Amino acid sequence: MDPREFRTTLGHFATGVTVITTAQGSDLIGLTANAFSSVSLDPPLVLVCIDKKAFSLPAFKKGVPFAINILQKEQEEDCWRFAKKSEDKFAGASYTISDQGVPILQGNLATIECEVYEIFEGGDHVIITGYVKNATYDDQAEPLLFFRGKLEHVAQKEWVE
């Protein structure tokens, strides 16, 4: 399969946009990811896929706390901020530090606090499963989506009966 054609085909699957955050010592780490999924309700597990070339990958080890910041439509700037290579991705970002020392972005659609449960090989990525410790959400916010290589929003339609 041609890699470019495969990537284009996968781009036809709309996904939410997340920023994965953790800390390594005093260094705050964050990266944009759209390869995220729930895995299990019992135990509560999620997964995220991270490119093996990602500078931040060594920070993710078994037992390390991390957060999945599920972005809402007003957070496009955060999406691009954490997608770029940069010395301080948190400069200009609005965040707090959790009890576990993990940065949590403000204004998320949902936030899932985890600790690394298992790490698996996945081609040019690693698959990191997270044991969910806490989850919060905003019922009023709308999701930020990635579709056909662009950021999109959900079009709200009124239901007529």
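Here the residue numbering is sequential within each chain, running from 1 through the sequence in written order. In view of the model being predicted, local features appear only for residues whose pLDDT reaches at least 70, and side-chain atom pairs are presented and counted only at 80 or more, with totals across whole chains, interfaces and linings using the full set of residues. Hydrogen atoms and water are omitted, and side-chain values are computed over all heavy atoms in the structure.

### Concerning the nonpolar core
Note on terminology: a nonpolar core comprises buried Ala, Val, Leu, Ile, Met, Phe, Trp, Tyr and Cys residues joined through side-chain atoms within 4.5 Å. Partly exposed describes any residue whose relative accessible area lies between the buried limit of under 20% and the exposed limit of over 50%, with all areas from a 1.4 Å probe on protein chains only and scaled to the type maximum. Counting residues in hydrophobic clusters, the biggest one holds 23 residues, and the most contacted among them are Ile20, Ile50, Phe60, Phe66, Ile68, Cys114 and Ile128. At the level of secondary structure, the elements contributing two or more residues to this core comprise β3 (27-33), β5 (45-51), β6 (65-70), β9 (110-122) and β10 (125-137). Ranked by residue count, the leading element in this core is β9, at 4 residues. Formed by 9 residues, the second largest nonpolar core is a distinct cluster that contains Cys79, Phe82, Phe90 and Leu144. For helices the rule is a DSSP run of H or I covering at least 4 residues; for strands it is a run of E covering at least 2, with both sets numbered from the N terminus onward.

### Section: the state of the cysteines
Here, two cysteine sulfur atoms that lie within 2.5 Å of each other are counted as a disulfide. Summed over all chains, the structure comprises 0 disulfides. In this model Cys49 remains outside any disulfide bridge; the closest cysteine sulfur is found in Cys114, 14 Å from its own. Between Cys79, a free cysteine, and Cys49, which holds the nearest cysteine sulfur, the sulfur-to-sulfur gap is 17 Å. Under the relative-accessibility criterion, Cys79 is labelled buried at 4%.

### Some points on the pattern of salt bridges
A side-chain nitrogen of Lys or Arg and a carboxyl oxygen of Asp or Glu constitute a salt bridge if their distance falls within 4 Å. Enumeration according to the criterion identifies 6 salt bridges in this entry. The partner of Glu77 in a salt bridge is Arg81, with the nearest N and O atoms 2.9 Å apart. Of the two residues, Glu77 and Arg81 both sit in helix α2 (residues 76-83), 4 residues apart, roughly one turn of that helix. Judged by its relative accessible area of 16%, Arg81 is buried. One salt bridge connects Lys133 with Glu115, and the closest N-O pair in it is separated by 3.9 Å. Taken as a pair, Lys133 in strand β10 and Glu115 in strand β9 lie far apart in primary sequence, 18 residues in all. Here Lys133 falls in the exposed class, since its relative accessible area comes to 52%.

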